[in-house]
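Fold and geometry: a report
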Amino acid sequence: MNPAEPPMRRALELARQAWGQTHPNPMVGAVITEQGKIVAEGFHAKAGEPHAEVMALRALGRRPSADAILHVTLEPCCTHGRTPPCVEAIIQAGLRTVVVGALDPNPLHRGKGIDLLRAKGIQVVTGILAEECAELNLIFNHWITERRPLVALKVASTLDGKLVLPFGQGKRITSAAADIEVHRLRKLYPAIAVSAATVLKDNPRLTARLPEGGSCGRRFILDRHFRTAGQRGLNLFQDPYANRTIVVGLASNLSSANRHWYEAEGVTVWELPGDADSFWAAWLTQVASAGLTGVLVEAGPRLAGTVLREGLADYLYAFVAPRLSGVTDSPAWFEGFEASWQGRSTAYGVDTCFEGFLP
């Protein structure tokens, strides 16, 4: 094992302490070692606050020793943003060695921080747990390189691809272990989207409910015809996070009475121009304008099929339970999706999640 890996793994653990809280910035962790032992730690808590490298240097509280090594999960920034560049802080601190996990995904900045450090005589080691460090910031990386939000489709299905169970068998297809991971994803993504059909049928909350506490991002109801207007008792309209609910529909389908009803409920309405054919593009354009770097689409059979066939999703989380549904009158979520795809798999209890970028 490379001796730089253990401190980098600790830096990854630190970065994950800000899980879902740094948007639009990446999650980053940093540790300082002296004589092979960790003497200071830091992570980036949220946008606008000091970066991980600065937090680790502050935690050290003194000048690093001659053999000190800074381990950081992402290449130190070299430009002025809401905070000064970390490259300057590293140079001023007198550090002589820096170990980097992933390179800056921004093609305008990639490698420049490393070049600046090396120009000052600082030894820089790259590529330590690079894949894990890059995967940590899946959403940020896509936002920076593609200049649009990462759209991730999430489904929970039986082995035969069904997202519903026979009448009387309840709504939960996957196990509690898989459900916990879904809630972690809800915390990670700055926004969640569901169809109006799901809202009216299942009355979801779309909040992240985890042992360490709850949270709620923006919640989109994709409702082209505003069928949810006037519907009482829906969690998304009456819970403490109602002001984070956004109903998205076509302007041509919204009556004045329904607009006033949503406003009285404290719910935001996005009235999109155009028609059904332009609905998705118009919605995602407005998502980007709102600065939302990623959306997790929790789909039923119809929405999942549309998202896949129309090529709207960049990434897929397919949670599969080891059971058959026996339901014949509901389509499989992948029906009509012809492109080949193979994701990596992770076990959550008895279930398996297949995830990865879509072709």
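The following refers to the structure shown. (Residues numbered from 1 in each chain as written. Predicted model: local features only at pLDDT ≥ 70, side-chain atom pairs only at ≥ 80, totals over all residues. Heavy atoms only, no water.)

Points about the overall build of the protein chain
Just so we agree on the cut-off: Numbering of helices and strands starts at the N terminus; helices are DSSP runs of H or I of at least 4 residues and strands are runs of E of at least 2. Using C-alpha atoms as the atom set, the radius of gyration is obtained and then compared with a globule rule of 2.2 Å times the number of residues to the power 0.38. The cut-offs for exposure are 20% and 50% of the maximum accessible area for each residue type, with area from a 1.4 Å probe on protein chains only; residues under the lower value are buried, those over the upper are exposed, and the others partly exposed. In this description, contact between two residues means that some pair of their heavy atoms is separated by no more than 4.5 Å. The protein chains shown are the only cover counted for residues, whose accessible areas, like all others here, come from Shrake-Rupley with a 1.4 Å probe. Positive charges come from Lys and Arg, negative ones from Asp and Glu, while His and the chain ends are left out of the count. Charge coordinates come from a single atom per side chain, which is NZ of Lys, CZ of Arg, CG of Asp or CD of Glu.
Looking only at helices and strands, one finds 12 helices and 16 strands in the protein chain. A compact globule built from 359 residues should have a C-alpha radius of gyration of about 21 Å, and the protein chain, at 23 Å, falls within 12% of that. With the C-alpha coordinates aligned to their principal axes, the bounding extent of the protein chain is approximately 70 × 45 × 35 Å. Scored against the burial criterion, the 359 residues of the protein chain give a buried share of 52%. Relative to all contacts within the protein chain whose residues are 6 or more apart in sequence, the contacts with residues 24 or more apart total 72%. As presented, the protein chain carries roughly 16,800 Å² of accessible surface, and 50% of it is formed by carbon and sulfur atoms. For the protein chain, the distance from the average site of its 37 positive side-chain charges to the average site of its 35 negative ones is 4 Å.

Observations concerning the layout of surface pockets
Stated formally: Residues are said to line a cavity or pocket when one of their atoms sits within 4 Å of a point; the points come from a 1 Å grid over protein atoms alone, cavities being sets where a 1.4 Å probe fits but cannot get out and pockets being open sets with protein on both sides within 12 Å along at least five of seven lines. Grid points are joined across faces, edges and corners, and a volume is the space filled by probe spheres set on the points. As a working rule, the residues Ala, Val, Leu, Ile, Met, Phe, Trp, Tyr, Cys and Pro are called nonpolar, Asp, Glu, Lys and Arg charged, and the rest polar, with Gly in that last group.
Empty space within the largest pocket amounts to approximately 1,600 Å³. For the largest pocket, the lining is made up of 49 residues, of which Thr198, Asp202, Glu298, Ala299 and Gly300 are closest to its centre. Breaking the lining of the largest pocket down by element, the ones donating at least two residues are β6 (150–157), α7 (176–188), β7 (191–195), α8 (196–202), α11 (279–289) and α12 (301–309). Top element by residues in the lining of the largest pocket is α8. It accounts for 6 residues. Across the lining of the largest pocket, the residue classes tally to 22 nonpolar, 11 polar and 16 charged.

Comments concerning the pattern of salt bridges
The criterion, for reference: A pairing counts as a salt bridge when a side-chain nitrogen of Lys or Arg comes within 4 Å of a carboxyl oxygen of Asp or Glu.
This structure, assessed with the given rule, holds 15 salt bridges. Salt-bridge contacts for Arg186 lead to Glu298; the nearest nitrogen and oxygen are separated by 2.7 Å. Separated by 112 residues along the polypeptide, Arg186 in helix α7 and Glu298 in strand β13 (residues 294–298) bring together distant segments of the chain. Glu298 matches Arg186 in its accessibility class, with the two residues each being buried. Close ionic contact of Arg344 with Glu355 constitutes a salt bridge, the shortest N to O distance being 3.3 Å.

What to know about the packing of helix α2 (residues 52–60) against helix α3 (residues 86–93)
Applied cut-off: Throughout, an axis means a line fitted to C-alpha atoms (over the contacting stretch in the case of helices), and angles, computed between N-to-C directions, take values from 0 to 180 degrees. Between 65 and 115 degrees an angle is taken as roughly perpendicular, under 35 as roughly parallel, over 145 as roughly antiparallel, and anywhere else as oblique. It is the rotation of the near helix from the far one that decides the hand of a crossing: anticlockwise by less than a right angle makes it left-handed, clockwise makes it right-handed.
Two elements in contact, α2 and α3, have axes whose closest approach is 9 Å; the angle formed by their N-to-C orientations is 30 degrees. Judged by the angle between their axes, α2 and α3 are roughly parallel. Relative to α3, α2 is oriented so that their crossing is left-handed. Where α2 abuts α3, its residues Glu53, Val54 and Leu57 lie against Cys86, Ala89, Ile90 and Ala93. Of the residues belonging to the contact of α2 with α3, the class tally is 6 nonpolar, no polar and 1 charged.

A few points about α2
The α-helix winds at 3.6 residues per turn, so residues separated by three or four positions along the chain end up facing the same way. Spelled out, the test is: Each direction from the helix axis to a C-beta atom contributes to the arc, which is the arc of those directions.
Buried residues of α2: Ala52, Glu53, Ala56, Leu57 and Leu60, and no others. Around the axis of α2, the buried residues are gathered within 135 degrees of arc, so they sit on the same side. In this structure, the buried side of α2 is in contact with β1 (29–34), β2 (37–43), β3 (69–74) and α3. Residue Gly61 follows α2 closely and has a positive phi angle near 70 degrees.

Notes on the packing of α3 against helix α4 (residues 112–119)
A pair of packed helices can be characterised by two numbers: the angle between their axes and the separation between those axes. Running from amino to carboxyl end, α3 crosses α4 at an angle of 20 degrees, the nearest separation of the two axes being 10 Å. Taken together, α3 and α4 sit at an angle that is classed as roughly parallel. When you trace α3 past α4, the crossing you get is right-handed. Touching Val87, Ile90 and Ile91 of α3 are Gly113, Leu116 and Leu117, all from α4. Split by residue class, the contact of α3 with α4 holds 5 nonpolar, 1 polar and no charged.

Some words on the sheet that holds β13
Strand pairs in the sheet, formed through backbone hydrogen bonds, run parallel or antiparallel to each other. The following threshold applies: At least two bridges found by DSSP between two strands are what make those strands a pair.
The strand order β12-β11-β10-β7-β13-β6-β14-β16-β15 describes an open sheet built from 9 strands, whose pairing is mixed. Unpaired on one side and paired on the other, β12 (268–272) and β15 (344–348) mark the two borders of the sheet. With strand direction ignored, the average angle separating the axes of adjacent strands in the sheet is 20 degrees. Relative to strand β16 (residues 351–357), β15 is paired through 5 bridges, and the arrangement is antiparallel. Across the sheet, the residue bridging to Arg344 is Glu355, located in β16.

Digging into the packing of aromatic side chains
Rules: Pairing of aromatic side chains requires ring centres within 6.5 Å, counting the rings of Phe and Tyr and the six-membered ring of Trp. Pairs whose planes differ by under 30 degrees are stacked, by over 60 edge-to-face, and all others tilted. Should the NZ of a Lys or the CZ of an Arg lie within 6 Å of a ring centre and within 35 degrees of the ring normal, that charge is described as sitting over the ring.
Inspection of the entire model under this criterion finds 13 aromatic pairs. For the pair Phe237 and Tyr262, a centre-to-centre distance of 6.0 Å together with 75 degrees between the ring planes defines the contact as edge-to-face. Taken together, the positions of Phe237 in helix α9 (residues 235–238) and Tyr262 in helix α10 (residues 256–264) put the pair 25 residues apart, joining distant regions of the chain. The same class applies to Phe237 and to Tyr262, which are both buried. With 5.2 Å between their ring centres and 80 degrees between their planes, Trp333 and Phe334 make a pair best called edge-to-face. For Trp333, a relative accessible area of 9% gives the class buried. Here the aromatic cluster, defined as three or more aromatic residues joined through ring pairs, consists of Phe220, Trp270, Phe279, Trp280 and Trp283. Cation over ring: Arg184 sits above Trp19, and NZ or CZ is 4.2 Å from the ring centre.

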